[in-house]
Amino acid sequence: MESEALRIRALLLGFVTRSFNVAESDVKLDESLIDQGVIDSFGLVELTVFIEKELGVTIRESDMTRQAFGSVNKMAIFIAARARGER
Amino acid sequence: MTDAVTRCARCALSAAFPSIEFDEHGVCSFCRDKMMATSEQSAIDRAKEQLTGLLGQRSRPYDAIMCNSGGKDSTYTLKLAVEKYGLRVLSFTMDNGFISPTARKNIEIVVDTLGVDHLTVRPSSRFYRRVIKATALLPIYQEQTLRRISAGCNACISLVNTTALKLALEKSAPLILAGFTLGQIPANAIIYRNHFRFFEESRKDSLDRLRAAVGDEVDDYYGISDAALDRVESYPFNVNLLCLEEVTEDQIVAEVEKLGWRRPADVDGCSSNCQLNTFNNFVHQRKYGYSPYELELSHLIRKGLMTRSEAIAKIEDQPVENLRFLARKLELSAQERVQLGLPDLENEP
C-alpha cells in the first residue's frame, strides 16, 4: 500500500475507533466494517460524511460497492485513487 | 421504583452501556465528550443549509411522505412540515397492530386539523408477529445498531422506512420525513439521501437472518424489486426536521395538544403511541442490561432539554403488567416465554 493510502487508512481508523467505540486492534483491516458489526447503515452515512468533509473526497452513490468500501484497506486505496483523480 | 442501576452522575447512561467509562466523579465518557468524533453543531448547521436547498424544489402532488406513528415527536414533525415549512405532505402510518387506541384517534384528529392526506398500511399480523418473535429470540441485528434502539423497534422502523421509500418513489415525493431526535440518530444522518442500494450491503446479513427465521415473505415487505429500483432517476432525501429544533418534550406536548393530540395512558414512559414498546424494552434490558432509550434520553439531558430525573423516570415507567397481554397477542409459546424471562402465563385468566 502506498504512503498516501496508509495515511488515509490511519485517519479512517481513528474516526472509526472514536465514533463506533471499538479498539483499533479489534478492527480487521481486510474485512467489511459492516460484516464485523462495527458500523450499520447510519454508520455508513457517518463514514461517507467524514470522508467528504475531512478528506475532501466526493463519494458518489455508485461508489458504494464491496470493491471500494468492502474493508478499511479497500477504502483507503479507493480514496487515495479518487483524490488523485484516478477513479 | 428506586434507581438501583449504576448510572452516570450527569446523564442516564448505565454502567452496562457498551464501552462506557466513568471518571472519579462518576461522570461517563460520553458526557466528557470523549466518544464524539464529529461536532454535532457543525452537522446541524450543515443540515440546515442543505434543507434550505432542498425546500427550493417543490413537487406535486406531494413534497414529502411523513412517517406518522401518532406519537408526539412525529405529530410535532408533521406540524413543522405543514406550518413552518409549508410542505404538501402525505402522512403515512404503519399500523403494527399494537398502536394505542388513543394514538389512533390522535392520528385521525391531527391529520384532519392540519388538513393533510393520510394513508394507513397494515402488514399481515401473522407476518408481523413472526418478525417480532424472531428479533426477540434470535440475534438478527448487529450490536452496534442495538445501542440506540431495541431489536423489535428496529425491525418495525426498517419496515416503515422501506414502505415510506416505496410510497415516495410511487408518488415522486422528493422528501421522506420522520420524527427522530438526536440521540436516536447520529447528527450526520439528519438529512441523507435514501439510496436503497447504497444501504443494501449494510442490511444484507440481518435480512438474511430474518428471512431464515421468518421466511421469504421478508423480501415482499423489506425489499424493493430491481425493476422498480432500475426506474429510479433520483432517490428522495430522508429529513429529520425535529433534530433542527431546540425544544423540550413539554413544549412539544403543549404544541401538539393544540392540534387535539392527547397522551395515551396505556403505553410506557418512553413511547407515546406503541404498546409493543414495553415488550421490546423488556427484551433489550434483559439481554443487554440497559434500556434502548438511554442514549437518546441522555442526549436530551446534555442538551438541557430534559432533567436526569425525568429521563430515569421515563426509563423506569415500564408497565410490566402489560407483558402478559403482549405475550398472548404475540402468541409466544411457554418455552419462548421462559427463554425471554417473561411472566408465567399459565393459570392466568
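Note that the coordinates shown come from a computational prediction; the quantities given were computed from them, not determined experimentally.

Cut-offs applied
- Residues numbered from 1 in each chain as written.
- Chains lettered and ligands numbered in written order.
- Predicted model: local features only at pLDDT ≥ 70, side-chain atom pairs only at ≥ 80, totals over all residues.
- Helix = DSSP H or I, 4+ residues; strand = E, 2+ residues; numbered from the N terminus.
- Rg over C-alpha atoms; globule rule 2.2 N^0.38 Å.
- Buried ≥ 20, exposed ≤ 12 C-beta atoms within 10 Å, placed from the backbone.
- Contact = placed C-beta atoms within 7 Å.
- Axes fitted to C-alpha atoms, helices over the stretch in contact; angles between N-to-C directions.
- Parallel < 35°, antiparallel > 145°, perpendicular 65-115°, else oblique.
- Nonpolar A, V, L, I, M, F, W, Y, C, P; charged D, E, K, R; others polar.
- Left-handed = near helix turned anticlockwise from the far one by under 90°.
- Pairing = 2+ DSSP bridges.
- pLDDT = per-residue confidence, 0-100.
- Core = buried A, V, L, I, M, F, W, Y, C linked by C-beta atoms within 7 Å.
- Right-handed = clockwise from strand over helix to strand, strands pointing away.

Now for the overall build of chain A. From N to C terminus, chain A includes four helices and zero strands. In sequence order, chain A lays out its α and β elements as α-α-α-α. Taking 2.2 N^0.38 as the reference for a compact globule, 87 residues should give roughly 12 Å; the C-alpha atoms of chain A span a radius of gyration of 12 Å, in line with that estimate. Overall size of chain A, expressed as C-alpha extent along the three principal axes, is 30 × 25 × 20 Å.

Another point: the overall build of chain B. Across its full length, chain B holds 14 helices and six strands. On C-alpha atoms alone, chain B measures out to a radius of gyration of 20 Å, which is about the 20 Å that the 2.2 N^0.38 rule sets for 349 residues. Projected onto its principal axes, the C-alpha coordinates of chain B cover approximately 55 × 45 × 40 Å. For chain B, with 349 residues in total, the buried portion stands at 46%. Put simply, 74% of the contacts in chain B that link residues at least 6 apart link residues at least 24 apart.

Further remarks concern the packing of helix H5 (residues 151-171) of chain B against helix H10 (residues 277-288) of chain B. All names here are of chain B. The geometry of H5 relative to H10 is characterised by a closest axis approach of 7 Å and an angle of 130 degrees between their N-to-C directions. Classified by the interaxial angle, the pair formed by H5 and H10 is oblique. Every residue of H10 that contacts H5 at Ala 151, Gly 152 and Cys 153 is listed here: Asn 277, Phe 279, Asn 280, Val 283 and His 284. When grouped by side-chain class, the residues that make up the contact of H5 with H10 number four nonpolar, four polar and no charged.

Axis angle and axis distance: for two packed helices, these are the angle between their axes and the distance between the axes, and together they describe the pair. Residue and element names in this part refer to chain B. Close contact between helix H4 (residues 125-137) and H5 brings their axes to 8 Å; oriented N to C, the two are set at 140 degrees. Of the possible angle classes, the one that applies to H4 and H5 is oblique. Crossing of H4 over H5 shows right-handed handedness. On the side of H4, the interface is formed by Val 131, Ile 132, Thr 135 and Ala 136, while H5 contributes Ala 151, Gly 152 and Ala 155. Of the residues in the contact of H4 with H5, the class split is five nonpolar, two polar and no charged.

Often, the extent of an interface is quoted as the loss of accessible area on bringing the components together. Opposite the 22 residues of chain A that make contact, chain B presents 21 residues. Ranked by residue count, the leading element in the side of chain A that touches chain B is helix H2 (residues 41-54) of chain A, at eight residues. Looking at the side of chain A that touches chain B residue by residue, the class counts come to 11 nonpolar, five polar and six charged.

Let's shift gears to helix H11 (residues 294-302) of chain B. All names here are of chain B. When you tally the buried positions in H11, you get seven out of nine residues, the bulk of the element. Glu 294, Glu 296, Leu 297, Ser 298, His 299, Leu 300 and Ile 301 are the residues of H11 that are buried. Count one or two residues on from H11 and you reach Gly 304, which has phi positive near 80 degrees.

On to the sheet that holds strand E2 (residues 89-94) of chain B. Residues and elements named next belong to chain B. Spatially, six strands are ordered E3-E2-E1-E4-E6-E5 in an open sheet, and the strand pairing comes out mixed. Unpaired on one side and paired on the other, strand E3 (117-121) and strand E5 (191-193) mark the two borders of the sheet. The mean inter-strand angle of the sheet, taken between neighbouring strand axes irrespective of direction, is 25 degrees. Of the strand pairs in this sheet, E2 and E3 are connected by five bridges, and their pairing is parallel. Looking at E3, one finds that Ser 91 is bridged to His 118.

Another aspect to go through is the confidence of the model for chain A. Of all residues in chain A, 99% attain a pLDDT of 70 or more, and the chain-wide mean is 87. When mean pLDDT is compared element by element in chain A, helix H4 (residues 72-83) of chain A scores highest at 94, while helix H3 (residues 66-69) of chain A scores lowest at 84.

Residue and element names in this part refer to chain B. Within the largest apolar cluster, 102 residues are counted, with the highest numbers of intra-cluster contacts made by Ala 64, Ile 65, Met 66, Ala 81, Val 89, Ile 176 and Leu 177. Among residues more than four places away in sequence, those in contact with Ala 81 are Ala 64, Met 66, Leu 87, Val 89, Leu 177 and Leu 241. Listed in part, the 19 residues of the second largest apolar core include Cys 8, Cys 31, Ile 312 and Ile 315.

Residue and element names in this part refer to chain B. Looking at where Ser 272 falls in the secondary structure, it is placed in the loop between helix H9 (249-257) and H10. Spatially, the C-alpha atom of Ser 272 lies 29 Å from that of Leu 169, the residues being 103 residues apart in sequence. Those residues within four positions of Ser 272 in sequence are excluded, and the remaining contacts are Gly 71, Lys 72, Arg 263, Pro 264 and Val 267.

All names here are of chain B. On strand E1 (residues 64-67), burial covers both faces: Ala 64 and Met 66 on one face and Ile 65 and Cys 67 on the other are all buried. Traced from E1 through helix H2 (residues 72-84) to E2, the parallel crossover comes out right-handed. Both E1 and strand E4 (residues 175-177) contribute to a ladder of three bridges, which runs parallel. Looking at the pairing, Ile 65 lines up with Ile 176 of E4.

Residue and element names in this part refer to chain B. Structurally, the position occupied by Leu 138 is in the loop between H4 and H5. Through-space distance from the C-alpha of Leu 138 to that of Arg 262 is 36 Å; in sequence the pair is 124 residues apart. When near neighbours in sequence (up to four residues on either side) are disregarded, Leu 138 contacts Arg 209 and Ala 213.

Residues and elements named next belong to chain B. Looking at the element boundaries, Cys 274 is found in the loop between H9 and H10. The class of Cys 274 is buried, set by 24 C-beta atoms lying within 10 Å. As a C-alpha pair, Cys 274 and Cys 153 span 121 residues in sequence and 9.9 Å in three-dimensional space. Here Cys 274 is in contact with Phe 98, Ile 99 and Val 267, once residues within four sequence places are set aside.

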